[in-house]
Structures are given as structure tokens and as C-alpha cells.
Amino acid sequence: MAADGKVRDEGDEGSPEAEAAEYVLGTLDPRERRAAEWRLRRDLAFASAVARWSEQLAVLDSGLSPVAPPERVWRGIEAGLKGVVQPAADTAQLRRSITRWRFATAGTALAAVLVAAVALPRLLSPSPGPASYVAILGGEGGAPAFVASVNTAEGTIRLRRVGAAPPPDRSFELWKVPATGPTVSLGVADSERELKPLDVALAPGERLAISVEPKGGSPTGQATGPVVYLGTLLPAE
Amino acid sequence: MSEAGRLSQPGELDALMADVAGGDETAFRRLYDRMAGKLLAIIRRIAGSEAAAEEALQETFLRIWNHADRYDPALASASTWMVTIARHAAIDLIRRGPERVSAAAVTIDEELAERLAGPSPADGLEARGLSRCLDGLEPDRRQMVLLAYCQGWSREELSRRFDRPVPTVKTLLRRSLIALKECLGGR
């Protein structure tokens, strides 16, 4: 941002202005889209650019006549508000896996946390700033496979893989597993180090899970493959 | 749906949004009555089927309910903010599904082109401005922008339709949008 409030590099295709325009157009790829939504809530100049583009392109909708939706749409929304959305079969499967894993890993959880307490400073460096929560995601053998650190001030989640890489034709995908309601994807986690914008609320006690998905991530928005690693968020301090 | 037929009054929508952000379900229903018809019309152009459109509309209103506190009346009108949510909900839905058949798009394409060729007197200055600026783009680029905005085409779909590599589509879209902005007198 320049001091006069203009977005710099106006003519540049890589400029925030172009990113805002493509966000409104709807052509960003999933990763760019998440980054844009993250930025939208933190960068007022970017949010203003998005709002301007939305107003300008909305002219293309102006000729449309409203279409009355059937009443069942509202009933579905009401059901959603009350949190009784039918869980997808995948979610149920994920929950079952998690219950199984909870038993399987109960004995090793404490060990994993102790390992992490020793190993964390090294694993997380050179991460700047304090992490608000950490989670050690371990597999059936109990060995840590991922260390996740959530920085709520920055709105980021940092993921460090300490276990095996996913198979070449598969992706790891990170999920938030709330106490109730559907799981939420936090993105694909194929690199050894990932720093992701976090656009959902996370709290200590909630679980993170890693599932094995088709390359590029679950096509359905819910876990489709087996859950291989699981961990609970703990306060970092 | 008599409310939906009325011209939208921005101040009233803003007041409803504030109530919705505070968790007022009655206000939420009124907002739905006011906006669902318009949003469904927009979603239907993007979604491949009625069922998909209804699902996207449902998702749209759940997102509106969950994120109403993020709406900032200083930046955009409530209506525009909701349109952006609706378009993204529809796009999310279709990108999860199988690739759409391009042929279906062609007819709406022509309808759009016709509409843009001669904006009706009812269209405001803004519509005529955008139409003139779109006309200033090369035909392929204009089509890309319209297909993306109106029908939610991805870079990959545009790449196949126009036989250009995906990175080129991205560059062309961005150049076209910047040209539109300059034409519209953007600073």
C-alpha cells in the first residue's frame, strides 16, 4: 500500500488489484482463493478493492428476474441453523475412525506430548511469534507425524511434517474435527512445512486429523480416505 | 414474496444485516424473503441443475448467517456482499462436481452478448459504462470474463474452450480486468 491509499503496481497482473478482481470473478484456484479470503479480513485496501469490483461486476446481474425458491430451501436452512444437518457418510466414517484411534493412541498420547515438549522449539523454528495452540498428530503406532501450531493473532496454522510423505499419487489433507457438526478442511498438507491461513475458529480440546485423499485433496469437501493421524489442540503455554 | 418484488432499500437491508449478525432469526427470515429470489437467479446461471442451485442457495444463507458480522456497510452494499457469497457458494458446488458440458453455455452466452450489445434504457449509467468497456475488449477476452462471472467457469474450463494454456488464461483474465478498470475510470 502506498501512502495515498492506492494499491501499487496497478498495471501488474500480479497486483493485489488483479487478485481482488479475479476473486470477485471467481477464477482463483482453491489455494489462491483461501489466501484472498484470509487477506480480505485483514487488509482494508484489499477488502475495498474486492467491494469495488463486486459493485462494478454486479451490473452483469442487473437484468436477471428473481426466481422464487421452493419452500424446502428455507426448511433446509432452518435445519442447518439448528445444527441438524445430515452428516455425510464420510463424516460418520471419520468419527468412527477417530473413536477407534482414541482408544488405540490413549496410551501413547502422553508420551507424544512429552516428546513434543522437548522437540517443539527445534521443529517449529524458525517460526516467528508465539503459537497459541499446538497439536501433535500421531498415527496408530503413536509416533508423531505432524506438529501443528496455531497462531490465533496472525490467523495462521503452521504444519511441520515429521513423519513419512504421502504416497506420490495421494495427498494428505488436514481437517478440523469439531465436537459436533461436520469436519472442516484446512487444506492439503503435502509439503514438509506448510503455513496456511486459518479461516475457521479453533479452540483447545478440538481435534485435528489428517486423511489420505486423492492428489490435490478431497473432491467432496469431506474426508473420503482413511484418517491416518489425529491430535488434540493444547494451549501452547 | 411481495417484499422481494420491492426495490431494495439499502438502509433497510443494512438494518436487517445488523440484526442477523446479532443472531435474530426473524430478521434472517425477512432477509431471506427479500434476497433469495435474486440470489437464486444468479446461482442458477452458474449451477448445472435446479437441485444444485437449491443446495447452493441453502449454503449461501448459512454462510450469510455465520458471517453476517463480517459485512461492512462502509465497503459494499449488503446486496452486493450477498451476491459475492452466493456466486462463490455456487462455484464451490460446481467445482466439486464433474466438469460441465460446454454446449449448454453457448446459448446463454449469446443471450448475454445480445443483452450487452444494447443495454436497455432501464439500465443505469453504470451498466452502459461496463457494457461499453466490455465491448472494448477483444471478443475472446470479453467471452472469458463473461463466462467466468456469469457462469462460474474456471480457468481450466476456459483453457479448454479457448484452447489456451491455463497460465495464459489467468494472464488474459487479469489483463482484461485491468483494462476494464481503466476504461471505467478507475484510479
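Only a predicted model underlies this, so the values are computations on that prediction, with no experimental measurement involved.

So, how was this worked out
- Residues numbered from 1 in each chain as written.
- Chains lettered and ligands numbered in written order.
- Predicted model: local features only at pLDDT ≥ 70, side-chain atom pairs only at ≥ 80, totals over all residues.
- Contact = placed C-beta atoms within 7 Å.
- Helix = DSSP H or I, 4+ residues; strand = E, 2+ residues; numbered from the N terminus.
- Nonpolar A, V, L, I, M, F, W, Y, C, P; charged D, E, K, R; others polar.
- Buried ≥ 20, exposed ≤ 12 C-beta atoms within 10 Å, placed from the backbone.
- Axes fitted to C-alpha atoms, helices over the stretch in contact; angles between N-to-C directions.
- Left-handed = near helix turned anticlockwise from the far one by under 90°.
- pLDDT = per-residue confidence, 0-100.
- Parallel < 35°, antiparallel > 145°, perpendicular 65-115°, else oblique.
- Core = buried A, V, L, I, M, F, W, Y, C linked by C-beta atoms within 7 Å.

Asks: Hey, could you run me through the interface of chain B and chain A in this one?
Replies: Many authors give the size of an interface as the accessible area that is lost as the parts come together. The interface is formed by 46 residues belonging to chain B together with 39 residues belonging to chain A. Those elements that place two or more of their residues in the side of chain B that touches chain A are α3 (25–46), α4 (50–67), α5 (78–96), α7 (125–135), α8 (139–151) and α10 (166–183) of chain B. Here the side of chain B that touches chain A takes eight residues from α3 of chain B, the largest share from any one element. Grouping the amino acids of the side of chain B that touches chain A by side-chain chemistry returns 25 nonpolar, eight polar and 13 charged.

Asks: Just to check I follow, could you spell out the environment of glycine 152 of chain B for this structure?
Replies: Checked against the element boundaries, glycine 152 of chain B lands in the loop between α8 and α9 (155–162). Residue glycine 152 of chain B is classed as buried on the basis of its 27 C-beta neighbours within 10 Å. Remark: the alpha-carbon pair of glycine 152 of chain B and alanine 90 of chain B, spanning 62 residues in sequence, is separated by 7.9 Å. In this structure, glycine 152 of chain B is in contact with Gly26 of chain A together with Ile46, Arg87, Ala90, Ile91 and Ile94 of chain B, ignoring residues within four places of it in sequence.

Asks: Help me out: how do you make sense of the packing of α3 of chain B against α5 of chain B in this one?
Replies: Between two packed helices, the angle of one axis relative to the other and the distance separating the axes together describe the packing. All names here are of chain B. Here α3 crosses α5 at 35 degrees, and the two axes come no closer than 9 Å. The handedness of the crossing between α3 and α5 is right-handed. The segment α3 lies against α5, with Met35, Leu39, Ile42, Ile43 and Ile46 engaging Met82, Val83, Ala86, Arg87, Ala90, Ile91 and Ile94. Residues belonging to the contact of α3 with α5 are distributed by class as follows: eleven nonpolar, no polar and one charged.

Asks: What is the right way to read unusual backbone geometry from this model?
Replies: With glycine set apart, most residues show a phi of negative sign, and most peptide bonds adopt trans. Within the chain, aspartate 163 of chain B stands out as a residue other than glycine whose phi angle is a positive 55 degrees. By the secondary structure assignment, aspartate 163 of chain B is in the loop between α9 and α10.

Asks: Got a minute to help me understand the confidence of the model for chain B in this structure?
Replies: When pLDDT drops low, the exact placement of atoms in the prediction is not to be read closely. Residues and elements named next belong to chain B. Taken over all residues, the pLDDT of chain B has a mean of 83, while the share at 70 or more is 77%. Taken as a whole, residues 101–108 scores under 50 in pLDDT and shows five contacts with residues more than four places along the chain or in a different chain. Low confidence marks residues 117–122, where pLDDT is under 50. Its contacts with residues over four positions away, or in another chain, come to three contacts. Scored as a complex, the prediction yields pTM 0.59 and ipTM 0.86.

Asks: Sorry if this is basic, but what is going on with the packing of α3 of chain B against α4 of chain B here?
Replies: Residues and elements named next belong to chain B. For the pair α3 and α4, the least separation of the axes is 10 Å and the interaxial angle reads 135 degrees. Overall, the two elements α3 and α4 adopt an arrangement that is oblique. Every pair of crossing elements has a handedness; the one defined by α3 and α4 is right-handed. In contact with Phe28, Tyr32, Ala36, Leu39, Leu40, Ile43 and Arg44 of α3, α4 contributes Ala53, Ala56, Leu57, Thr60, Phe61 and Trp65. The residue makeup of the contact of α3 with α4, split by class, is eleven nonpolar, one polar and one charged.

Asks: What am I meant to see in the nonpolar core here?
Replies: Soluble globular proteins tend to pack their nonpolar side chains together in the buried interior. All names here are of chain B. Of all hydrophobic cores here, the largest spans 71 residues; its most connected members are Leu39, Ile43 and Ala90. Looking at this core, the element that brings in the most residues is α5, giving eleven residues. If sequence neighbours within four positions are ignored, alanine 90 has contacts with Ile43, Ile46, Ala47, Ala56 and Gly152.

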